Amino acid sequence: MTFSSPSMKKDLTVYAVAGDTKTLLAVAKANSVPVHFECENGECGSCAVQIDILSDKAPYGVALTEKEKAVLRYAGKITQAQIDAAENSDVPPPWRLACQFIVRNEDILVKF
Ligand code: FES
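Nothing here was measured: the structure is a model prediction, and the numbers come from that model.

Trainee: Would you mind going over the overall build of the chain with me for this structure?
Mentor: Regarding its fold elements, the chain presents three helices and five strands. Each helix and strand of the chain, ordered N terminal to C terminal, gives the series β-β-α-β-α-α-β-β. Against the compact-globule benchmark of 13 Å for 112 residues, the chain has a radius of gyration of 13 Å, which places it among compact chains. Taken along the three principal axes of its C-alpha coordinates, the chain extends 35 × 30 × 25 Å. Residue pairs at least 24 apart in sequence account for 71% of intrachain contacts in the chain once pairs closer than 6 positions are excluded. Total accessible area on the chain stands at roughly 6400 Å², and carbon and sulfur atoms take up 51% of it.

What follows is the structure in structure tokens.
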């Protein structure tokens, strides 16, 4: 995955370890990527990040936690239609909470 932010001098690409079940926030912290966060529990919304899928493989199944859905909807980041598309058709939503998103071995661009 590649992290990109105006708060970083340049983009940083890191690789998830196969079988890992870390959150995106944990991967960011482990690599000193300054993704903002407060609660680390899917409640404050401060860790919202934009995700672009870079590979042309079919995206992995999308699992949003109930907290993630509620917080992202409340913040106006995703619509109910996007939640439905994620859950029913594995269409990745454009925003995720870094503290709730479990990283997979896929090529994504994380913008924050
Ligand atoms: Fe609060 Fe992720 S840090 S929702």
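Trainee: I tried to follow the pairing of strand β3 (residues 48-53) on my own but got confused; where do I start?
Mentor: Within a regular strand, side chains alternate between the sheet's two faces. Inspection of the sheet shows β3 paired to strand β4 (residues 95-97) by three bridges, in the antiparallel sense. What sits directly across from Q50, in β4, is W95. Both β3 and strand β5 (residues 108-111) contribute to a ladder of four bridges, which runs antiparallel. Across the sheet, D52 pairs through a bridge with L109, a residue of β5.

Trainee: Quick question: what am I supposed to make of the pattern of salt bridges here?
Mentor: This structure, assessed with the given rule, holds six salt bridges. A salt bridge links E66 to K69; its shortest N-O distance comes to 2.8 Å. Taken together, the residues span about one helical turn, with E66 and K69 both in helix α2 (residues 66-74) at a distance of three residues. Where E87 meets K69, a salt bridge forms, and the shortest distance between an N and an O atom there is 2.5 Å. With E87 in helix α3 (residues 80-89) and K69 in helix α2, this residue pair connects regions lying 18 residues apart in the sequence. Of the residues examined, E87 reaches a relative accessible area of 38% and is grouped as partly exposed.

Trainee: Would you explain the nonpolar core in this entry?
Mentor: Buried together is how nonpolar side chains tend to be arranged in soluble globular proteins. Counting 29 residues, the largest nonpolar core has M1, F3, L24 and V35 as its most contacted members. At four residues, the largest contribution of residues to this core is made by helix α1 (residues 24-30). Once residues within four sequence positions are removed from consideration, M1 is found in contact with L12, T13, V14, A16, L24, V27, V103, E106 and I108.

The rules behind each value
- Residues numbered from 1 in each chain as written.
- Predicted model: local features only at pLDDT ≥ 70, side-chain atom pairs only at ≥ 80, totals over all residues.
- Heavy atoms only, no water.
- Helix = DSSP H or I, 4+ residues; strand = E, 2+ residues; numbered from the N terminus.
- Rg over C-alpha atoms; globule rule 2.2 N^0.38 Å.
- Contact = heavy atoms within 4.5 Å.
- Areas by Shrake-Rupley, 256 points an atom, 1.4 Å probe, with all protein chains shown as cover.
- Pairing = 2+ DSSP bridges.
- Salt bridge = Lys/Arg side-chain N within 4 Å of Asp/Glu carboxyl O.
- Buried < 20%, exposed > 50% of the residue type's maximum accessible area, 1.4 Å probe, protein only.
- Core = buried A, V, L, I, M, F, W, Y, C linked by side-chain atoms within 4.5 Å.

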